[in-house]
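# Structural overview
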Amino acid sequence: MKTLKIFLGWLIGGLLVIQLIRIDVPEPPKADPQDEIKAPGEITALLKRSCYDCHSNHTRWPWYSHVAPVSWEVNSHVKNGRNWLNFSIWNRYSEEKKQKLYKGIVKSIDWKMPPADYMWIHKNARLSPEERQKIKAWAQSHIREEEKPY
Ligand code: HEC
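Description of the structure in this document. (Residues numbered from 1 in each chain as written. Predicted model: local features only at pLDDT ≥ 70, side-chain atom pairs only at ≥ 80, totals over all residues. Heavy atoms only, no water.)

### Structural notes on the site of the ligand
For the record, the criterion: In this text, near means that some heavy atom of the residue lies within 4 Å of the molecule or strand in question. Counting of polar contacts relies on pairs of N or O atoms within 3.5 Å, with two restrictions inside protein: one atom must be capable of donating a hydrogen and the other of accepting it, and residues adjacent in sequence are counted only when both atoms are side-chain atoms. In this description a helix means any DSSP run of H or I spanning at least four residues, a strand means any run of E spanning at least two, and both kinds are numbered starting from the N terminus. For this classification, the nonpolar set comprises Ala, Val, Leu, Ile, Met, Phe, Trp, Tyr, Cys and Pro, the charged set comprises Asp, Glu, Lys and Arg, and every other residue, Gly included, is treated as polar.
As a structural note, the neighbourhood of the ligand is formed by 19 residues, with Cys51, Cys54, His55, Trp84 and Met113 the closest of them. Here a nitrogen atom of the ligand and a side-chain polar atom of histidine 55 are 2.7 Å apart. At a separation of 3.1 Å, an oxygen atom of the ligand approaches a polar side-chain atom of lysine 112. Those elements that provide at least two residues to the shell around the ligand are helix H3 (52-55), helix H4 (70-84) and helix H5 (95-108). Element by element, the count of residues in the shell around the ligand is highest for H4, at four residues. In terms of residue class, the shell around the ligand is made up of eleven nonpolar, seven polar and one charged.

### Thoughts on the nonpolar core
The cut-off we apply is this: Nine residue types can take part in a nonpolar core, namely buried Ala, Val, Leu, Ile, Met, Phe, Trp, Tyr and Cys, and a core is a set of them joined through side-chain atoms within 4.5 Å. Only protein chains enter the accessibility calculation, which uses a 1.4 Å probe; a residue is then buried when its area is under 20% of its type maximum, exposed when over 50%, and partly exposed in between. Contact between two residues is taken to exist if any of their heavy atoms lie within 4.5 Å; hydrogens are not considered.
In this structure, Leu47, Phe87, Trp90, Ile135 and Trp138 are the most contacted members of the largest nonpolar core, which totals 22 residues. Elements with a minimum of two residues in this core: helix H2 (41-50), H5 and helix H7 (129-140). Per-element tally for this core: the top contributor is H5, with four residues. Excluding anything up to four places from it in sequence, phenylalanine 87 contacts Asp35, Glu36, Ile37, Leu47, Cys51, Tyr52, His55, Ser56 and Ile105.

What follows is the structure, encoded as structure tokens:
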């Protein structure tokens, strides 16, 4: 019993202390509404629901995303996610980069994206097999002939 109390004391103390460690909340890159990706309405809705928290400037920040150590994970997801692919600055990407990303979407949509730990908390971000197929077909339709098969 005593050991448990000591353990809990350290645990709570530790959690309080790590709140003092400041992390830089990533500042989104400047974007014009024109730069946003244009996709059919259904696809846009799916991307907003399942990808936008990490791959756009429109991240929703729930309260726990400010609490360490969750905040560290969330920030690194958002920072990395936006670096790789940001739908809010899509129209500023070169054609080369877009091709690379369309292929990346086709490759990652079956299992890698959205990340499992994220979907575990954000149940509404989960995609059904049909929804994944829709996103895949949309991305595929933008890949140039000479780059296929993808
Ligand atoms: C919780 C944050 C998060 C969400 C939600 C998310 N991603 Fe990602 N995504 C990342 C991170 C972080 C990376 C950086 C590379 C990595 O970690 O593998 C990434 C990388 C990517 C890449 C580039 C990887 C490659 O191999 O080319 C693509 C494409 C991608 N995501 C597509 C999507 C799509 C499409 C969705 C929605 C269906 C989505 N992501 C949802 C965090 C996220």
